[in-house]
Amino acid sequence: MNTAPTKYLILAFAYLAVLYPLWVRFAATPMVFDSTLPLNLFPFFGLAGFTMLWLHAISGVFEEWLRKHINFDRFVYITSTLILICIIAHPLLLLIGLGFDVLSVFSYYEALYIWLAVVGWLLLITYDIGKKLKKYDFFVKNWNNILIISNIGFILTFFHSISIGSDLQSGLLRFVWIFYGVTAILAIIYTYGIKPLIAKR
């Protein structure tokens with residue numbers, strides 16, 4: 001059976017999911033190469049990181065099917081690397097744009113949603129820390145728990161982004177973002193809650 005058409009459709013879907021929010025941001029952002037550039041760039045990394053995390057979440061539901069059509073492990077490796085770059089660059093560019101005045105962030109955004117981002121970031125980064133330390137038995141035995149923790153971090157970043165993301169307050173992208181968030185939450189519940197119960201039967 002020729003799986004090439006399905007493979008290209010999967011890849012096209014993945015690219016569209018990531019690139020559409022970036023295009024919306026790009027269309028609305030005048031790129032000026034001055035001191036405001038970091039503040040103009042930092043949302044791009046937040047949007048890209050979130051959409052790739054969404055792809056990770058929903059791929060857990062369809063993993064067995066996806067493995068028949070794409071190199072799933074390579075997909076996870078590449079997107080995980082890009083996600084790590086994004087979740088580092090997103091806050092870093094914001095801080096650069098604000099002259100590393102951390103407290104000034106709270107004058108731009110509501111404190112609750114900043115703390116959601118901070119906690120979400122810390123939970124997300126456990127994935128990359130755990131991956132680097134998988135040679136130790138503790139991290140091998142608790143790898144599934146690390147995945148659950150990082151996915152909780154992802155959910156927190158959804159509420160952070162939908163609440164204060166400047167591109168997500170109106171228009172079609174807001175509805176797309178809500179769709180991403182709701183389907184991601186359902187996918188995570190299925191992958192880490194329902195699916196293991198089904199496998200035990």
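Residues numbered from 1 in each chain as written. Predicted model: local features only at pLDDT ≥ 70, side-chain atom pairs only at ≥ 80, totals over all residues. Heavy atoms only, no water.

This paragraph deals with the packing of helix α2 (residues 37–59) against helix α4 (residues 72–97). Viewed as axis vectors pointing N to C, α2 and α4 meet at an angle of 150 degrees, and their least axial separation amounts to 8 Å. Our classification of the angle between α2 and α4 gives roughly antiparallel. Seen from above, α2 lies across α4 with left-handed handedness. Here the contact of α2 with α4 is composed, by residue class, of 20 nonpolar, eight polar and no charged. (Axes fitted to C-alpha atoms, helices over the stretch in contact; angles between N-to-C directions. Helix = DSSP H or I, 4+ residues; strand = E, 2+ residues; numbered from the N terminus. Parallel < 35°, antiparallel > 145°, perpendicular 65-115°, else oblique. Left-handed = near helix turned anticlockwise from the far one by under 90°. Nonpolar A, V, L, I, M, F, W, Y, C, P; charged D, E, K, R; others polar.)

This brings us to α4. The α-helix winds at 3.6 residues per turn, so residues separated by three or four positions along the chain end up facing the same way. Under the 1.5 Å per step criterion, the end-to-end length of α4 is 37 Å for 26 residues, consistent within 8% with the ideal 38 Å. Looking at the buried positions of α4, the neighbouring elements they touch are α2, α3 (63–67), α5 (105–108) and α6 (111–132). G99 lies just past α4 and shows a positive phi near 65 degrees. (Expected span 1.5 Å × (residues − 1). Contact = heavy atoms within 4.5 Å.)

With respect to the secondary-structure elements, S59 resides in helix α2. The residues contacting S59, other than those within four sequence positions of it, are L66, F72 and F75.

Our focus in this paragraph is the pattern of salt bridges. Counted according to the given criterion, the structure contains four salt bridges. Across the salt bridge formed by D167 and R25, the nearest N and O atoms sit 3.1 Å from each other. Here D167, found in the loop between α8 (143–164) and α9 (172–200), pairs with R25, found in helix α1 (residues 4–28); they are 142 residues apart in sequence, far enough to count as distant. What makes D167 buried here is its relative accessible area of 13%. In this structure, E63 engages R67 in a salt bridge whose closest nitrogen and oxygen atoms are separated by 2.9 Å. On the criterion of helical spacing, the pair formed by E63 and R67 is a turn pair, its members being four residues apart in helix α3. A relative accessible area of 24% places E63 in the partly exposed class. Overall, the relative accessible area of 41% leaves R67 in the partly exposed class. Each of E63, R67 and D73 takes part in salt bridges that share partners, so that together they form one network. (Salt bridge = Lys/Arg side-chain N within 4 Å of Asp/Glu carboxyl O. Buried < 20%, exposed > 50% of the residue type's maximum accessible area, 1.4 Å probe, protein only.)

Running from N to C, α1 and α2 cross one another at 160 degrees; their axes reach a closest spacing of 9 Å. Classified by the angle their axes make, α1 and α2 are roughly antiparallel. The interaxial crossing formed by α1 with α2 has right-handed handedness. Residues F13, A14, A17, V18, P21, L22, R25 and F26 of α1 lie in contact with α2, whose contacting residues are L39, N40, P43, F44, L47, A48, T51, M52, W54, L55 and I58. Considering only residue class, the contact of α1 with α2 consists of 16 nonpolar, two polar and one charged.

On to unusual backbone geometry. Positive phi is not limited to glycine here, since F100 has a value of about 60 degrees. Following the sequence through the fold, F100 ends up in the loop between α4 and α5. The exposed category is assigned to F100, whose relative accessible area is 53%.

The subject of this paragraph is the packing of aromatic side chains. In this structure the tally under the stated criterion is 15 aromatic pairs. Taking the centre distance of 4.6 Å and the plane angle of 25 degrees together, the rings of F50 and W177 count as stacked. Of this pair, F50 sits in helix α2 while W177 is found in helix α9, placing the two residues 127 residues apart along the sequence. Site record: aromatic cluster; members linked through ring pairs are F13, F50, W54, F154, F158, F159, W177, F179 and Y180. Its end group placed over the ring of F44, R25 keeps NZ or CZ at 6.0 Å from the ring centre. (Phe/Tyr/Trp six-rings, centres within 6.5 Å; stacked < 30°, edge-to-face > 60°. Lys NZ or Arg CZ within 6 Å of the ring centre and 35° of its normal.)

Nothing here speaks to function; it is all geometry.
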